[in-house]
Each structure stands twice: as C-alpha cells, then as structure tokens.
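# Observations on the model geometry
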Amino acid sequence: MLVLPQKLMTALNKLAHFDEDAFRAVHQSDTQVVSVRLNRAKIQIEEEIGATAPHGLSFPLADRIPWTSNGFYLPERPSFTLDPLFHAGVYYVQEASGMFVEHALRNTVDLSSPLKVLDLCAAPGGKSTLIQSLISKESLLLSNEVIKTRVPVLHQNMSKWGLMNGMISNNDPKDFRRIPGYFDVLMIDAPCSGSGLFRKDPAAIREWTEEGVRLCSQRQQRILADAWDCLKENGVLIYSTCSYSTEENEDILDCLLNQFACESLRLPLDASWNIIETRSEKANGYGYRFYPDKINGEGFFLAVVQKKSEVNGIQKVKEKREMPNKQEETAVRKFIPDEDNQFIRMSEWIHVMPAGLLADFLTLKNYLYMKKAGVMAGRMGSGEWIPDHELALSTGLNPEIPELELSGSDALKYLRREVLTADVQKKGWIPVSFRHQKLGWVKILPNRLNNYFPKSWRILK
Ligand code: SAM
C-alpha cells in the first residue's frame, strides 16, 4: 500500500478542486497508464484505434489522447526495448499529461511562422521531440541540458527522432543571458519535487519532503530569472512541472507575473478533458493542473506567459562556416539530396542542417557549448564516405539508397550488435531496416557483414 506524504495531502486539501478520496484511491489501484507519441515524419497510419497492429506498429493502440494530435494510450505495456521500431524513432514513449504542451503551443504561437524555440531543461527529450514535430522545417529548436551526463540520452532521442532542425547545447540557464531576445518560445519543464509521478514511481514518495519542495521552488525561480532575458518581446514562455505543490506551480507563476513585464495566457479547455484551470493567488495567472484521478495520465502543471517588455537583441555573427571540400560535398549530397539543406565542417565531421539555420548555429556557438547541430552526416575516410549513425535515422536520408531489410530476429541481433549474415551482392555501407524503418548502418565486405550500431546504444537484454 502506498503511503502518501501527509504534509502534501494537508496542503492539497486546501485546494477547492482536490478530491482526497479519489486521489488516494487512484494511487492504491494497480492502474498503469502507458502512452506513446507517433513520429509522423516516419510513420503514417490510416487505421489507428483498435486494430491489432495492422498499421506497421508492433502493438495495438487504444484511445487517442485528446489534447494532442499524435498521442495514443496503449492497452498494455509492451517491451519497448525489444521493439526495433522504438530504436528507429517511429514513436516516443511519453506520459500523456506532458503532451498538453502541444495544446499550449497551438493556442499561443503561430506554428506556421519560422520560430526559434529553446527547450531549456530538455533531457531526455520528451518535450523537445514533441515540439520539433510541431514547428516548421525552417524553425530552430535548441534543446539544452545543463547536466552533462544527461546530454547523451537527449542526443540519442533527438537523433532517433530524425528531424534536421534541432540543435543541442550543454549550458547552465544563466549562460542564456548572453543572447537576449533570441527566442520566440521558451519551454521550461523544470526540475521539481516529482509528486506527480508518485503512482508511476512509488520510490519517489520516500524522497519527498517539504524542504525538497522549498528548494525546488527556489531553483525554479532562479532558472526562470536566468533564462527570462533570452525571450523576445511578445515571446511565449511555457512553464511546466510534474509536481502538485503550489510552491512550484501557481506561486512560481505569481513570481513571474510580479517580477517581469508579462501577461498570463488563458488556454481553451474542453470540459470533458477534466483538466483543472486554477488562478494564482496574487496575480491571478492561469494554470492548468492534471490529477490522475481526473484524467488518464499522471500529475502535471502547465502555465503560459507572454513577455511584454522590449529587449535589445544581439547581432547575428557574420562568421564564415568551414565548408566541406568538393569530394566531401559530392559524397554527402548522395545521402542528403535536398538542396534546402547545407553542410558545415567541424574538424573532420560534416554536419547538415536547413540552410536558414546556419547563421543561428554560427551565432549560438559563440555563446554556448553546442553539442549537436542538425544531423551529423559522417566523414571522409580513406577513399570512402563513412556515414554517421545519425544519418541512417535522419528523415533527410535519400530514400533511393538501397536498404537491407531485416527480419524481427535479425533486427534484434543488429540492435544487440551481434554478428549478422546476409547474402547481399552490393558491397560497402548500407542502411539496415525493419519494416522499412532505418536502424543504422552495416558495412558489407566480401566475406562478412560488419555491424556499426553504436556500442553505447546496444540493447543488453
Ligand atoms: N523536458 C524533459 C522531457 O520532457 O523529457 C524533462 C525534463 S526534467 C523534468 C528536468 C530537467 O532539468 C532534467 O533533465 C534536469 O537534468 C534538468 N535540470 C536539473 N537542474 C537544473 C538546473 N539547475 N537548471 C536547468 N535544468 C536543470
């Protein structure tokens, strides 16, 4: 039996909408809500709900998640690790409430215009992959993660997602003071006390303390104050947590509305969703709360504000990029034929990104510690192009390039980095796929097939 922290329950009971009995009951039930978000750049599905996976996925989908376009509940939890399509970036396993970020964006931002978006607390990449699927190809998404050891998982998830217009940085929020007025949208999915995940992760209950909530609240205020400058005038900040505590939610909204020139934005809600609209105590700002006894998902809070003060932006750097040489350019163009994409060399590696984002990258790298820009295409080896793993997963990869389609068991062997055999005439580098979704590269030699799935990504099960 889960014993919920009494101090949290006492605090929540002060909120008029809170239903303690239902909240306790849902935490005692065995219900686990499983949901995924499909990557429409990789999979189009005609018949979605109820079908026993005739749509190319490895599991059936149950209902749609109502506040998002590509999110679905699953009837039960499959083994994602053993599904090759998970590794191909065909879907992202994401908690349903967090996908409300889509509804917030659609109702406060013109998603058809070219935007610059910063996801400040991005690892492991749930909000980032969601946002990247919503913004236009010309828009930039910079996903930042301050904790160095969490950057690789973010990198992996963004690479699997396969879109070209993403970059990753590894900076402290205060570093973003160097680029005032740069972003149209600032997503801050803040580190928090995590009470919203108690049902999913009961171990978190033991770690919860009032003091922890207070420290989280202070840290959230610091993060917001540090990052505020990098938002443009009329730019939109989406703030979210997976905590139920007012100190981390409405009180933070009050701090923002009192400290900075900004306006709280109200979101339209469908009554059937059962999301609770709240008002902050001092400045009356709008917040949106998700409770597991009211909605099919975990605890979550979100609020949106729009900046109302002028900001003097920075000048974009007129720096020259280091270009690939002719031989490299010819080699990469075979893999990425779309002329809207441009190449840039960083040491021996060639990266590809939408042409319009080159100036952003050259500017940002003067201020931030950039860990990824667009798609890493690979490098010239001795007389041959050595493609990077990211290139195989990229949606920009030339579809004409022949692939080696693997069976389910061979796909798992590949993902475990085991030895594969195949009777293939073609020699050299070739992408392998499962249900025509690329998994990575192999190199076909006269007497064997070398498996180039990244060692650090291999499945160990
Ligand atoms: N947005 C992510 C997603 O949807 O997958 C989840 C983000 S998680 C709630 C919060 C993130 O903030 C973590 O990745 C954590 O490493 C990072 N973080 C921790 N301390 C931070 C700080 N002082 N400033 C900025 N980010 C911090």
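The preceding data block contains the structure.
Residues numbered from 1 in each chain as written. Predicted model: local features only at pLDDT ≥ 70, side-chain atom pairs only at ≥ 80, totals over all residues. Heavy atoms only, no water.

### Some thoughts on the overall build of the chain
- Along the chain, the regular secondary structure elements total 13 helices and 21 strands.
- A compact globule built from 461 residues should have a C-alpha radius of gyration of about 23 Å, and the chain, at 23 Å, falls within 12% of that.
- The C-alpha extent of the chain, read off along each of the three principal axes, is 70 × 55 × 35 Å.
- Long-range contacts, defined here as pairs at least 24 residues apart, represent 70% of the contacts in the chain between residues at least 6 apart.
- Element-wise, carbon and sulfur atoms account for 49% of the exposed surface of the chain, whose accessible area totals about 19,900 Å².
- Within the chain, one finds 56 positive and 57 negative side-chain charges whose respective centroids are separated by 6 Å. (Helix = DSSP H or I, 4+ residues; strand = E, 2+ residues; numbered from the N terminus. Rg over C-alpha atoms; globule rule 2.2 N^0.38 Å. Contact = heavy atoms within 4.5 Å. Areas by Shrake-Rupley, 256 points an atom, 1.4 Å probe, with all protein chains shown as cover. Lys, Arg positive; Asp, Glu negative; His and termini not counted. Charge placed at Lys NZ, Arg CZ, Asp CG, Glu CD.)

### Structural notes on the sheet that holds strand E14 (residues 349-354)
- Sheet architecture is open: 4 strands sit in the order E13-E14-E16-E17, paired in antiparallel fashion. Two strands lie at the open edges of the sheet, namely strand E13 (341-346) and strand E17 (385-387), each paired on one side alone. For this sheet, the mean angle separating the axes of adjacent strands, direction not counted, is 30 degrees.
- Two elements, strand E16 (residues 375-380) and E17, share 3 bridges in a ladder whose sense is antiparallel. Within E17, the position partnered with Met380 by the bridge is Trp385.
- Against the sheet, helix H10 (residues 326-335) engages E13, E14, E16 and E17, with an angle of about 135 degrees to E13.
- Packing against the sheet, helix H11 (residues 358-367) makes contact with E13 and E14, and its axis sits at approximately 30 degrees to E13. (Pairing = 2+ DSSP bridges. Axes fitted to C-alpha atoms, helices over the stretch in contact; angles between N-to-C directions.)

### Description of the pairing of strand E7 (residues 183-189)
- Along E7, 7 of the 7 residues are buried, which leaves the element largely enclosed by surrounding structure.
- Bridging between strand E4 (residues 116-119) and E7 involves 3 bridges; their strand directions are parallel. Its bridge partner being in E7, Asp119 is matched across the sheet by Met187.
- Summarising the sheet, E7 and strand E8 (residues 231-241) pair through 6 bridges and their orientation is parallel. (Buried < 20%, exposed > 50% of the residue type's maximum accessible area, 1.4 Å probe, protein only.)

### Regarding the sheet that holds strand E2 (residues 71-73)
- Across the sheet, which stays open at both edges, the 3 strands sit in the order E2-E1-E3 with antiparallel pairing between neighbours. Among the strands making up the open sheet, the edge pair consists of E2 and strand E3 (91-93). Here the strands of the sheet are splayed against their neighbours by 30 degrees on average, with no regard to which way each runs.
- As defined by bridge partners, strand E1 (residues 35-38) adjoins E2 across 3 bridges and the pair is classed as antiparallel. Within the sheet, the bridge partner assigned to Val36 lies in E2 and is Phe72.
- With respect to the sheet, helix H5 (residues 126-134) is in contact with E1 and E3, its orientation differing from that of E1 by roughly 35 degrees.

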